[in-house]
Amino acid sequence: MTPFRTIGIIGGNGWLGRAIGHALLDAGLIEPSGLTLSCRAGTSATFADRPQVAWTADNQELVRRSQVVIVSVRPEQFPAISIDARDRLVISVMAGVSMETLLARTGSDRVVRALPNAAAEIGRSYTPWFCSDAVSFDDKALVQALFESCGAADEVGMQAAIDYLTALSGSGPAFPALLAEAMLGHARAHGLPETIARRAVAGVVCDASQLLAKPGASPGETVRTFMEYRGTTDAGLRAMQDAGFTKAVHAGLSAAAAKAVSMAEAQAGKDRK
Ligand SMILES: NC(=O)C1=CN([C@@H]2O[C@H](COP(=O)(O)OP(=O)(O)OC[C@H]3O[C@@H](n4cnc5c(N)ncnc54)[C@H](OP(=O)(O)O)[C@@H]3O)[C@@H](O)[C@H]2O)C=CC1
Ligand SMILES: O=C(O)[C@@H]1CCC=N1
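Residues numbered from 1 in each chain as written. Chains lettered and ligands numbered in written order. Predicted model: local features only at pLDDT ≥ 70, side-chain atom pairs only at ≥ 80, totals over all residues. Heavy atoms only, no water.

In the nomenclature of an unreviewed UniProt entry, the chain corresponds to Pyrroline-5-carboxylate reductase from the organism Aquamicrobium soli. The annotation that UniProt attaches to the chain under Function (unreviewed entry) is "Catalyzes the reduction of 1-pyrroline-5-carboxylate (PCA) to L-proline." Here is the UniProt Pathway (unreviewed entry) comment for the chain, exactly as written: "Amino-acid biosynthesis; L-proline biosynthesis; L-proline from L-glutamate 5-semialdehyde: step 1/1." (UniProt positions renumbered as here; feature names shortened; annotations may be inferred.)

Encoded structure:
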């Protein structure tokens, strides 16, 4: 793998940008002095414990200092970013910004579209990524190592998979949160003390869900095993299904995936005008 000594993160003070920056440093993939971060104010307290990290408001200066440029601003903030990143490996983590738009707006032909999730903050993201033809074998090894510093990662061969996975795994951390919130509301309505309700819900959503991480575990098998008791869990699962649980999950994933595609089309449409 080519040793990349310099990496820049545009939007390095944001939720995802700072998570990736800290993960890279914690994994020793880069020295603090090799990391440049940007935000519009040009400085942030985010990496105060690492004073050798450089800050700038000038994104072209960041590009000049960095062999690898990670773009981590919100999609609607991207049009305001004007960079010439030819000869740089550009990695976008933005939802709904297509490879075609990235190639056209950055001037680089070595572009990666990656889609981490918020669990990068705790080193537990799942990050699929897709790259342009000019991305080299060494670049790919770097991208894989970079996102493995934030959790698990896989290269995918189709850009459409990134739009779909933006919904499934990119937005994914919000969905167990919705389940937890629904459970909490139910527990409160049944008069449970707040502390107990929170501990019980966290016990299910954060801890008991780890049963699914056991080697060989399968969600369908787990559901069927519980249903075979013909007891309380079976009653609960059947009522949830009858109320449209699977349908609701599928509708949510379809809506999120459609939004990823429509965001990409809207950005590309602006470029054509
Ligand atoms: N958060 C998540 O769970 C996930 C996010 N993503 C994608 O990652 C990207 C970032 O998301 P997230 O970190 O949550 O968003 P944030 O709003 O937390 O971070 C974006 C950052 O970009 C900075 N910024 C805005 N404009 C500029 C500019 N012109 N130059 C330099 N920096 C700029 C902002 O800082 P300031 O205002 O100080 O300039 C801000 O801190 C988005 O595109 C999103 O789609 C993908 C998967 C998951
Ligand atoms: O909601 C969003 O648009 C971004 C992308 C995935 C997670 N957050």
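Participant: Sorry if this is basic, but what is going on with the layout of surface pockets here?
Facilitator: Remark: the empty space left among the atoms is shown by a probe the size of a water molecule rolled over them. By volume, the largest pocket amounts to about 2,400 Å³. Taken together, 47 residues make up the lining of the largest pocket; nearest its centre are Pro-176, Leu-179, Ser-209, Leu-212 and Phe-245. Residue assignment for the lining of the largest pocket shows that the elements contributing at least two residues are helix H5 (159–170), helix H6 (174–189), helix H7 (194–207), helix H8 (219–227), helix H9 (232–242) and helix H10 (245–272). The element that contributes the greatest number of residues to the lining of the largest pocket is H10, accounting for seven residues. For the lining of the largest pocket, the class distribution of residues is 31 nonpolar, 14 polar and two charged. Around the second largest pocket, the lining comprises 35 residues; the ones closest to its centre are Leu-16, Ser-72, Val-73, Arg-74 and Pro-75. The dominant element in the lining of the second largest pocket, judged by the number of residues it contributes, is H10, at four residues. Broken down by class, the residue content of the lining of the second largest pocket amounts to 19 nonpolar, twelve polar and four charged. (1 Å grid on protein atoms, 1.4 Å probe; cavity = no way out; pocket = protein on both sides within 12 Å on 5 of 7 lines; lining within 4 Å. Points joined across faces, edges and corners; volume = space filled by probe spheres on them. Helix = DSSP H or I, 4+ residues; strand = E, 2+ residues; numbered from the N terminus. Nonpolar A, V, L, I, M, F, W, Y, C, P; charged D, E, K, R; others polar.)

Participant: What should I look at first to understand the sheet that holds strand S6 (residues 111–114) in this one?
Facilitator: Hydrogen bonds between backbone atoms are what pair the strands of a sheet, whose relative direction is either parallel or antiparallel. The strand order across the open sheet formed by eight strands is S3-S2-S1-S4-S5-S6-S7-S8, and the pairing between neighbours is mixed. Each edge of the open sheet carries a strand with a single partner, namely strand S3 (54–56) and strand S8 (151–155). Averaged over all adjacent pairs, the angle separating strand axes in this sheet is 20°, with direction ignored. Where helix H1 (residues 15–26) meets the sheet, it contacts strand S1 (7–10), strand S2 (35–38) and strand S4 (68–71), and its direction lies at approximately 160° from that of S1. Helix-sheet contacts for H5 involve S6 and strand S7 (125–131), and the interaxial angle to S7 is about 165°. (Pairing = 2+ DSSP bridges. Axes fitted to C-alpha atoms, helices over the stretch in contact; angles between N-to-C directions. Contact = heavy atoms within 4.5 Å.)

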